[in-house]
Amino acid sequence: MRAKTSMTTEKIFLKLILYTMVFMVVAGCAIPKTAPPPKSSPRQHVDARAQQQYYDLGLQQYTKENYGEAKEAFEQVIELGPSTALGQKAQENLKKIQRILKTLEEIESR
């Protein structure tokens, strides 16, 4: 009888180990893995003076309603530094110019 009890205890023990291992595997898979921090790219040098000159030119052309020339100047600003304050303003101005040009095209097509 003792052998039978020992066998049952051994089976319970093995099942307990098996369940523990399964739980550890499942729990390990459920833990969200954190992504490594993004690699910081070296900051590009922005020629602030050239960017300001192109921005000013863009504003002058915009005021004169020379939208093609204004668009080119603002595109240069963005190329020099899209994430700078002037780059962001230039992107906004380009959107305005695109809306104006679209409206002008619609008026001319009527």
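Residues numbered from 1 in each chain as written. Predicted model: local features only at pLDDT ≥ 70, side-chain atom pairs only at ≥ 80, totals over all residues. Heavy atoms only, no water.

1. Overview of the confidence of the model for the protein
One rule of thumb: low pLDDT means the predicted coordinates there are not for detailed reading. For the protein, the mean per-residue pLDDT works out to 80, and 62% of the residues sit at or above 70. Note that residues 22-27 has pLDDT below 50 and, in this model, zero contacts with residues that lie over four places away or in other chains. (pLDDT = per-residue confidence, 0-100. Contact = heavy atoms within 4.5 Å.)

2. Comments concerning the nonpolar core
Tyr 55, Tyr 67, Ala 70, Phe 74, Val 77, Ile 78, Leu 86, Ala 90, Leu 94 and Ile 97 form the largest nonpolar core, which has ten residues in total. When residues of this core are traced back to their parent elements, those giving at least two are helix H3 (67-80) and helix H4 (85-108). In contact with Ile 78, not counting residues within four places along its chain, are Gly 87, Ala 90, Gln 91 and Leu 94. (Core = buried A, V, L, I, M, F, W, Y, C linked by side-chain atoms within 4.5 Å. Buried < 20%, exposed > 50% of the residue type's maximum accessible area, 1.4 Å probe, protein only. Helix = DSSP H or I, 4+ residues; strand = E, 2+ residues; numbered from the N terminus.)

3. Let's talk about the side chain of Gln 51
For Gln 51, the position within the fold is in helix H2 (residues 48-63). Among the residues examined, Gln 51 registers a relative accessible area of 3% and is labelled buried. What Gln 51 contacts, discounting residues up to four positions off in sequence, is Val 46, Val 77, Leu 80, Gly 81, Thr 84, Leu 86 and Gly 87.

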